[in-house]
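Listed below are the residues making up each chain.
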Amino acid sequence: MHDDLIHKNLHIRPMANAIRALTMDAVQAANSGHPGMPMGMADVATVLFTKFLAFDAQDPTWPDRDRFVLSAGHGSMLLYSLYHLTGYAELGIEDLKAFRQLGSRTPGHPEVGHTVAVETTTGPLGQGLANAVGMALAERLLNARFGDGLVDHYTYAIAGDGCLMEGISHEAASLAGHLGLSKLVVLFDDNSISIDGATNLAVSDDQLARFAAYGWYTARVDGHDPVAIEGAIAAARDADRPALLACRTTIGFGAPTKSGKASCHGSPLGPEEIAGARKALEWDAAPFEIPEPIRAAWLEAGARGRPAREAWEARRDALSTERKAAFEQAISGALPADLDDVVRDAKAALLEGRPTRATRKSSQASLDVLAAAIPGLLGGSADLTGSNNTQAKSQGVVGPGAFEGRYMHYGVREHAMGAVMNGVALHGGFIPYGGTFLVFSDYCRPAIRMSALMEQRVVYVMTHDSIGLGEDGPTHQPIEHLASLRAMPNVAVLRPADAVETLECWQYALHNVGGPSVLALTRQDVPALRDTTTDPDPAENRSARGAYVLHAPEGPRDATLIASGSEVALALDASRALAKEGLTVAVVSMPCWEAFAAQPAAYRAEVLGSAPRVAVEAGASFGWHRWVGERGTVVGIDRFGASGPAEDLFEYFGLVTDAVADKVRAAVAAG
């Protein structure tokens, strides 16, 4: 057996050297990049792609392909070399020559949707590892629904020392071990080098012991011995739990004076070092040229999975029409055709019943409707299910070895929750949402940013959205969080005012396929603001326009009050009080800045009006002058909160009817 493995692996080194050569050439041509990791992990990657990875270069989106995540995204030339060599038509040699250039298909770090076959955007270390956990989770969940014949694949990730140093790796690896995600294999590039130098400058962890404590299968392997690598990956695949293989490698393998040193991590090797490496690797081809026998071997690897893909397609096509349609709808992420009708009927009941309750509770009521209608709606919370109100009645719990449910207990792991949800969304099959307190959006902010950058439909349910949470005090009361999330590109921040708006905001978030949504929800009860009189057509989603006139008094406006969330009711109260003085004050509910900014200018002008504007929100005033104008007034909170009952806090911070009315009077007087 050992002799057979040696014979089969004789071609691995020259194939791996093709990766090394392309990496050296591309980084040198760009005069920028990270040659060390691709050169060090080339042998491991070659064994993986030629012996194990199920993929077909002719069909990059085959649903049952294995997923490959380069968590150490700085080594992007490893990915680009592999995808070029295995025959992905969209990644030619000219693309490699344009590495790191503006507009090229080969950016500095891998970007999903930008470069063929890239499964996730990586670069912020540890994010890719957590995404891989999400992909492995999605695979098991989808397998539980559709069976081995349609869903049975592995997720592989290459992670470096930096990925394992980042705190998110603890959260994600702990969750994966708890769930027993046995189709996840992490290949740890154990090269003992970081940017500053040897890793022992900063870390002395026993990573295998650490991951074993999480419940992972662990093993060490010589990352430059193809026979050992093949045996180690085979054993990892057979494990009944997630696997970590510590691949002992030499960074910059082949470079005569820089290999094994930090100097080859993030800088071009230079002409002399490249010449020396070519000699050491016995690579005689010119820059960006691949000898024909080696290219043919790589193209064969790229086609190796074609029979498996074709057999899978035959199984899919043999399904009943109903079963096939259900699978394809799940993979595509398409919403049920009748979903908007379901929402319309639920909203009609709310307009009739006019419930007074916290928007977090209205969110749960919305989820009861939505989860029953959408089989792929995957919920969860970071140990705050009872507070976030994120579990629908129809959602069973996902647990170790039990993947039939649709609700995740993420534990106190907000950062991993966000990144795992990104992995689930990227894999396909589910629309993930997860809850925590709005103040703890700080803990998952990097993952939210990646959701936005990757244009993934992930819904963040952030409750306890203001000083209205009361006695828990300033550590738990969000102030700057709405403003900071609104500052992030491609994030829809939705702060509904009542039960109807909450359902509308959920509807908007589910249709927002090009980016994440954040639902900011109250702890405290809020009154119903709309009814069958204000909304004769329950099919219309007024919140989807971002802002709308909730109260339009007769005659020309003296002023306009603009508010979001729980402060919309306050604005209405102030408008009514001012009406007794003869002032006509319109009230605009603005649940989503981003949606409103996307409306036609004429609509925005109609909603905002030309009268003096006063905005009211129990959070930082930062950014509101975009809507009230330079001379407008913002009633907000630009300091940290305090501990006390909610009603006392609103009065203390001037968020009460009389105080808001005074601001409007002053604005009208000032003209």
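Nothing here was measured: the structure is a model prediction, and the numbers come from that model.

Points about the overall build of the chain
Alright, step 1. Counting its secondary structure elements, the chain contains 27 helices and 20 strands.
Alright, step 2. Radius of gyration (C-alpha) of the chain: 28 Å, near the 26 Å computed for a compact globule of 671 residues.
Alright, step 3. Long-range contacts, defined here as pairs at least 24 residues apart, represent 77% of the contacts in the chain between residues at least 6 apart.
Alright, step 4. A total accessible area of about 24,500 Å² is found for the chain, and carbon and sulfur atoms account for 51% of it.
Alright, step 5. Here the chain carries 57 positive and 79 negative side-chain charges, and the mean point of each set is 1 Å from the other.

Focus on the sheet that holds strand 1 (residues 67-70)
Alright, step 1. Across the sheet, 5 strands lie side by side as 1-2-3-7-6; this open sheet has parallel pairing. A single partner strand is all that each edge strand has here, and the edge strands are strand 1 and strand 6 (217-222). Within this sheet the neighbouring strands show an average axis-to-axis angle of 20°, counted without direction.
Alright, step 2. The pairing of strand 6 with strand 7 (residues 243-248) spans 6 bridges and is parallel. Directly across from Thr218, in strand 7, lies its bridge partner Leu244.

Here's the deal with the environment of Arg220
Alright, step 1. By the secondary structure assignment, Arg220 is in strand 6.
Alright, step 2. Note: C-alpha distance between Arg220 and Ala559 (339 residues apart in sequence) is 70 Å.
Alright, step 3. If near-sequence neighbours (up to four positions away) are discounted, Arg220 is found in contact with Asp190, Asp206, Leu208 and Ala246.

As for the pairing of strand 1
Sheet faces and side chains relate simply in a regular strand, where the side chains alternate between the two faces.
Alright, step 1. The two faces of strand 1 match: Arg67 and Val69 on one face and Phe68 and Leu70 on the other face are all buried.
Alright, step 2. Where strand 1 meets strand 2 (residues 155-160), 4 bridges bridge the pair, whose relative direction is parallel. Counterpart to Leu70 in the pairing with strand 2 is Ile158.

Some remarks on the pattern of salt bridges
Alright, step 1. For the structure on display, the rule yields 30 salt bridges.
Alright, step 2. Among the salt bridges present, the one from Arg344 reaches Asp345, with a minimum N-O distance of 3.1 Å.
Alright, step 3. Of the residues examined, Arg344 reaches a relative accessible area of 31% and is grouped as partly exposed.
Alright, step 4. For Glu617, the salt bridge is made with Arg495, and the minimal N-O distance between the two is 3.9 Å. Of this pair, Glu617 sits in the loop between strand 19 (613-616) and helix 25 (625-628) while Arg495 sits in the loop between strand 13 (492-494) and helix 21 (499-511); the two residues are 122 residues apart in sequence, bridging distant segments of the chain. The pair formed by Glu617 and Arg495 is uniform in burial state, with each residue classed as buried.
Alright, step 5. One continuous salt-bridge network, built from bridges that share partners, spans Lys347, Glu504, Arg530, Asp535 and Arg542.

A short note on the sheet that holds strand 11 (residues 431-437)
Alright, step 1. Taking strand neighbours across the sheet as the criterion, the 6 strands line up as 10-9-11-12-14-13 in an open arrangement whose pairing is parallel. In the strand order of this sheet, the two ends are held by strand 10 (407-409) and strand 13, each with one partner. The sheet shows a mean angle of 20° between the axes of neighbouring strands, direction not considered.

Concerning the packing of helix 8 (residues 167-179) against helix 18 (residues 414-427)
Alright, step 1. Axis separation between helix 8 and helix 18 bottoms out at 8 Å; the angle between their running directions is 70°. Viewed along their axes, helix 8 and helix 18 adopt a mutual orientation that is roughly perpendicular. As for the relative orientation of helix 8 and helix 18, their crossing is right-handed in sense. Facing Ile168, Glu171, Ala172 and Leu175 of helix 8, the residues of helix 18 in contact are Glu414, His415, Ala416, Ala419 and Val420.
Alright, step 2. Looking at the contact of helix 8 with helix 18 residue by residue, the class counts come to 6 nonpolar, 1 polar and 2 charged.

What about the packing of aromatic side chains?
Alright, step 1. Using the criterion set out here, one finds 19 aromatic pairs in the structure.
Alright, step 2. Measuring from ring centre to ring centre gives 5.4 Å for Phe211 and Tyr214, while their planes differ by 80°; the resulting arrangement is edge-to-face.
Alright, step 3. Note on Tyr214: relative accessible area 16%, which makes it buried.
Alright, step 4. When the centroid spacing of 6.2 Å and the interplanar angle of 80° are considered together, the rings of Trp593 and Trp627 count as edge-to-face. Here the residue Trp593 occupies a position in helix 23 (residues 593-597), and Trp627 occupies one in helix 25, the gap between them amounting to 34 residues. For the pair shown, Trp593 and Trp627 are each scored as buried.
Alright, step 5. Each residue in the set Phe49, Phe55, Phe68, Tyr83 and Tyr88 is aromatic and connected to the rest through ring pairs, giving one cluster.
Alright, step 6. Over the ring of Trp593 we find Arg486; its NZ or CZ atom is 4.1 Å from the centre of that ring.

Basis of the calculations
Residues numbered from 1 in each chain as written. Predicted model: local features only at pLDDT ≥ 70, side-chain atom pairs only at ≥ 80, totals over all residues. Heavy atoms only, no water. Helix = DSSP H or I, 4+ residues; strand = E, 2+ residues; numbered from the N terminus. Rg over C-alpha atoms; globule rule 2.2 N^0.38 Å. Contact = heavy atoms within 4.5 Å. Areas by Shrake-Rupley, 256 points an atom, 1.4 Å probe, with all protein chains shown as cover. Lys, Arg positive; Asp, Glu negative; His and termini not counted. Charge placed at Lys NZ, Arg CZ, Asp CG, Glu CD. Pairing = 2+ DSSP bridges. Axes fitted to C-alpha atoms, helices over the stretch in contact; angles between N-to-C directions. Buried < 20%, exposed > 50% of the residue type's maximum accessible area, 1.4 Å probe, protein only. Salt bridge = Lys/Arg side-chain N within 4 Å of Asp/Glu carboxyl O. Parallel < 35°, antiparallel > 145°, perpendicular 65-115°, else oblique. Left-handed = near helix turned anticlockwise from the far one by under 90°. Nonpolar A, V, L, I, M, F, W, Y, C, P; charged D, E, K, R; others polar. Phe/Tyr/Trp six-rings, centres within 6.5 Å; stacked < 30°, edge-to-face > 60°. Lys NZ or Arg CZ within 6 Å of the ring centre and 35° of its normal.

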